[in-house]
Amino acid sequence: MFLEMRDKDLLEQAKEYAYDYLDNALDRNVFPGAEAIEGLRRFEEPLPDSVGNPKEILALLNRFGADATVSQIGGRYFGFVNGGVIPVSLAARWLADAWDQNSALYVISPLASKLEEVCESWLRELYGLPDKVVAGFVSGSSLAIFCGIAAGRYRIFQNLGWDINRQGFYGAPKVRIVTGRQAHGTVVKAIALLGFGIENIEWIDTDDQGRIIPAKLPELDQSTIVVLQAGNVSSGAFDDFERIGTKARNANAWVHIDGAFGLWAGASEKLKHLTRGMERANSFSLDGHKTLNTPYDNGIVLCDDKEALTHALHASGSYIVRSENRDGMFYTPEMSRRARSVELWAAMKYLGREGIDELVYGLHQGALRISEKLKTEGFALLNEVVFNQVLVKCHSDEVTNQTMKNIQGSGECWVGGATWNDMAAIRISVCSWATTKSDIDRAVEAFVTARDKALDTQSNR
Ligand SMILES: *Cc1c(COP(=O)(O)O)cnc(C)c1O
């Protein structure tokens, strides 16, 4: 019965559904309406007793699934920091999905191994990082941050004469963990998962843009891990890597940069001043699925200490003989892993250095355009638009929150909220290649309509 899986018609059908979806992406409500959400109940049923019909299953998924999707690929999704998807990267992933490769070892997939090697070397080239820098290909920045800090934890303990893998935390010398008050939640999570304890974090004060104030940095020493940020998730601001990184290097501390979306600024001629000094860090985390617009599930950890990274992630990996070639699993916590290097390779191969620059700088230009237009329409701008993030508010928190809800309900575009310096704010992330000037102008209109409606509601009360 499973031969049906080789049924070409089935894949053709999936392709047809996908084409339909892509064709309508621009007209679709950005967020699904109530009816589509209600339709999701169709999936609630007991586990089927017997084997089903593949075509019917696909039809069901398309019928009730497609309408309930959030239209991230259409150009007017500005929520969180979610990238769009570059067509050739998507197509390459389809192919890789059909191949069903496992990236664990060279002997399991020479192709995945080779493309990881190529992506690793291209990333070094893009950022001007030395040859010793290695890359691990993981699901996203959450895990990439975890890997970077794990490598730092291994190395710093090693420097203190302690093998954290074998000896653990009991009776261990104290390792300090230092980060800014605006560190991303996933940094805090990684710190907790790695056993340091959130209460032991030494928090550094930040300025009104969320940047670490270098003068507030505590004394650093060889027992310290410092986590910096390239791209504050609300304001888009960058820490001063040159000043802080130099201080950390001189003290033999470990520096990790959380650059989920922001590190890509370093790949743009006009924006790379933002990441100046980044090469002073030991490890970096970034996402293909944000700024680079690969499909989801594409994160990268870069580390200048191969031994620290591989030992941190494979405390007991010696049971597998390493080959002459790259065995991807040693650079990630997982063993079996899909070949996500395929879509990363395709995106970078397609864009090249110039295309990446154009994409990244284009997002910045889009952010500038929307911020200027919203200012003209009377919204207050709360951040310096250094990259692709824009924060605006109305004259009161109440109107700001209601305006945001109205925008979300309009289907015209989607934006999320943030609390910024104790004020309610609307956060706009320009993160998709598909966002055009007219998408931005349409979004601005939606903002104005939503605010008018919020003001009406208020005065009618
Ligand atoms: C999105 C983001 C993360 C988490 O990345 P995921 O890919 O969602 O795991 C971490 N840090 C920053 C600054 C981010 O923007």
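An account of the accompanying structure is given in this report.

With respect to the helices and strands, N282 occurs in the loop between β5 (254-258) and β6 (283-287). The contacts of N282, once residues within four sequence positions are left out, are R249, A253, W254, V255, L302, C303 and D304.

Turning to the sheet that holds strand β11 (residues 423-429), a few remarks are in order. Ordered by their spatial adjacency, four strands build an open sheet running β8-β9-β11-β10, and the pairing between neighbours is antiparallel. The sheet terminates laterally at β8 (380-381) and β10 (416-420), the two strands that pair on one side only. Contacts between helix α12 (residues 397-410) and the sheet are confined to β9 (389-393), β10 and β11, with β11 contributing the most and set at about 30° to the helix.

Attention now moves to the sheet that holds β5. Strand order in the open sheet made by the seven strands is β1-β7-β6-β5-β4-β2-β3, with mixed pairing throughout. A single partner strand is all that each edge strand has here, and the edge strands are β1 (134-138) and β3 (201-204). Strand after strand, the sheet turns through a mean of 20° between neighbouring axes, direction not considered. Taken together, the five bridges between β1 and strand β7 (residues 299-303) define a ladder with antiparallel strand orientation. By the bridge assignment, A135 is partnered in β7 with L302. Across the sheet, helix α5 (residues 110-127) lies against β1, β6 and β7, angled at about 120° from β1, the strand it touches most.

Time to look at empty space enclosed by the protein. Under the counting rule described, the total for this entry stands at two cavities of 30 Å³ or more. Looking at the largest cavity, its volume works out to about 60 Å³. Of all the secondary structure elements, the ones that give two or more residues to the lining of the largest cavity are β2 (176-180) and β4 (224-229). Looking at the lining of the largest cavity, the element that brings in the most residues is β4, giving three residues. Class assignment of the residues belonging to the lining of the largest cavity gives a composition of five nonpolar, seven polar and two charged. Within this model, the second largest cavity holds a volume of roughly 30 Å³.

Cut-offs applied
Residues numbered from 1 in each chain as written. Predicted model: local features only at pLDDT ≥ 70, side-chain atom pairs only at ≥ 80, totals over all residues. Heavy atoms only, no water. Helix = DSSP H or I, 4+ residues; strand = E, 2+ residues; numbered from the N terminus. Contact = heavy atoms within 4.5 Å. Pairing = 2+ DSSP bridges. Axes fitted to C-alpha atoms, helices over the stretch in contact; angles between N-to-C directions. 1 Å grid on protein atoms, 1.4 Å probe; cavity = no way out; pocket = protein on both sides within 12 Å on 5 of 7 lines; lining within 4 Å. Points joined across faces, edges and corners; volume = space filled by probe spheres on them. Nonpolar A, V, L, I, M, F, W, Y, C, P; charged D, E, K, R; others polar.

So, to be careful, I would describe these as geometric facts and stop short of saying anything about function.
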